Amino acid sequence: MGTIVVIGGGELIDLETLEMDREVVKLTQKVNPKALFIPTASSDAPGYCDTFNKVYGEILGCETSHLLLVSQTYTHEEIAELIISADLIYVGGGNTRKMLEIWKNTGVDDLLKEAYNSGTILAGLSAGSICWFEYGHSDSEAFDDQGNWQYIKLEAMGILPGIHCPHYNEDIRVEDFSRMVKDGGLLGIAVDNNCAIIYKDNEYKVMSTREEAKAYRVMDSEQGVVVTQIEEHPSYRPLHEVYGGGDQ
């Protein structure tokens, strides 16, 4: 297994996730790692790219580059070179469904799986956290219909097991995610804004930049849907504690 940092939410531009971003860089074990930003979900928003350059480049000392799949055209070889040469890859937030469709059409999904297996640090926020799981609790319909929309169960890349809900402490996500997990046969992994779970080989660690920001396992049972906090520990813990029955 490799390393994925799942960030539930928070404003990159306001440095709300800086502690977690610093950990992403530290995980590369390099002084000036090559950091690739993939902002597909935001349609390659220029301001988002500028923010990434500021945080990961100016503040955290990375050599930054961007893969702009919406606004630019690349050969498959050019895409592969950008992904393979990166020490860390950060995926931004936005329209998850649109992003995954573009990735599939361009082969980026397979290249990201190869990067994961080769030891590249993967990270992301919101859409950039959903994408790594089997399924995600997604607001992608809101981008198509600003009025009447619902959260959807979206099939993602399947590197990490279960169904993931970012921004768990926003809107009606707590109730709606329980509805989605019920009878679904999948363990739910829910993460608040300003909180992250680091998946590293067969271990995990929870990080948060606010005391009230937490991560949870959401599981269907004979007694109904049970929500349990995934405790924050100073060191890594065995991943089976999350997927095999809770914290020990």
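Below you will find a few notes about this structure. None of the values given here were measured: they were computed from a predicted structure. (Residues numbered from 1 in each chain as written. Predicted model: local features only at pLDDT ≥ 70, side-chain atom pairs only at ≥ 80, totals over all residues. Heavy atoms only, no water.)

1. Re the overall build of the protein chain
Summing up its helical and strand segments, the protein chain has nine helices and 14 strands in all. Taking 248 residues into account, the globule formula puts the C-alpha radius of gyration at 18 Å, and the protein chain, at 17 Å, falls close to it. By principal-axis analysis of the C-alpha atoms, the protein chain measures approximately 50 × 45 × 30 Å. Expressed as a percentage of the 248 residues in the protein chain, the buried residues total 54%. Partitioning the contacts of the protein chain with sequence separation of at least 6, the portion at a separation of at least 24 is 71%. Surface exposure of the protein chain reaches about 11,200 Å², of which carbon and sulfur atoms provide 45%. Computing the positive centroid from 19 side-chain charges and the negative centroid from 40, the protein chain places the two 3 Å apart. (Helix = DSSP H or I, 4+ residues; strand = E, 2+ residues; numbered from the N terminus. Rg over C-alpha atoms; globule rule 2.2 N^0.38 Å. Buried < 20%, exposed > 50% of the residue type's maximum accessible area, 1.4 Å probe, protein only. Contact = heavy atoms within 4.5 Å. Areas by Shrake-Rupley, 256 points an atom, 1.4 Å probe, with all protein chains shown as cover. Lys, Arg positive; Asp, Glu negative; His and termini not counted. Charge placed at Lys NZ, Arg CZ, Asp CG, Glu CD.)

2. Considerations on the packing of aromatic side chains
This model, assessed by the stated rule, comprises ten aromatic pairs. Here Trp149 and Tyr151 contribute two aromatic rings whose centre-to-centre distance is 5.0 Å and whose plane-to-plane angle is 80 degrees, an arrangement assigned as edge-to-face. Residue Tyr151 is classed as buried on the basis of its relative accessible area, which comes to 8%. A network of ring pairs unites the aromatic residues Phe37, Tyr48, Phe52, Tyr56 and Tyr90 as a single cluster. Seen from the ring of Tyr135, Lys153 lies directly overhead, with NZ or CZ sitting 4.7 Å from the centre. Sitting over the face of the ring of Tyr236, Lys200 holds its NZ or CZ atom 5.8 Å from the ring centroid. (Phe/Tyr/Trp six-rings, centres within 6.5 Å; stacked < 30°, edge-to-face > 60°. Lys NZ or Arg CZ within 6 Å of the ring centre and 35° of its normal.)

3. A closer look at the sheet that holds strand E13 (residues 224–229)
Here we have six strands laid out as an open sheet, ordered E7-E6-E8-E9-E12-E13, and mixed in their pairing. Strand pairing shows two members of the sheet lacking a second neighbour, strand E7 (152–155) and E13, which therefore form its edges. Across the sheet, the mean angle separating the axes of adjacent strands is 25 degrees when strand polarity is ignored. As paired elements, strand E8 (residues 160–165) and strand E9 (residues 188–191) share three bridges and run parallel to each other. (Pairing = 2+ DSSP bridges. Axes fitted to C-alpha atoms, helices over the stretch in contact; angles between N-to-C directions.)

4. Looking at the pairing of strand E2 (residues 34–38)
Counted residue by residue, E2 has four buried out of five residues, so it is predominantly covered. Strand direction decides the pairing type here: E2 and strand E3 (residues 63–66), joined by four bridges, are parallel. What sits directly across from Leu36, in E3, is Ser65. For the handedness criterion, the β-α-β arrangement of E2, helix H2 (residues 46–59) and E3 is classed as right-handed. Relative to strand E4 (residues 88–91), E2 runs parallel, the two being bridged by four bridges. In the sheet register, Ala35 faces E4, and the bridge partner there is Leu88. (Right-handed = clockwise from strand over helix to strand, strands pointing away.)

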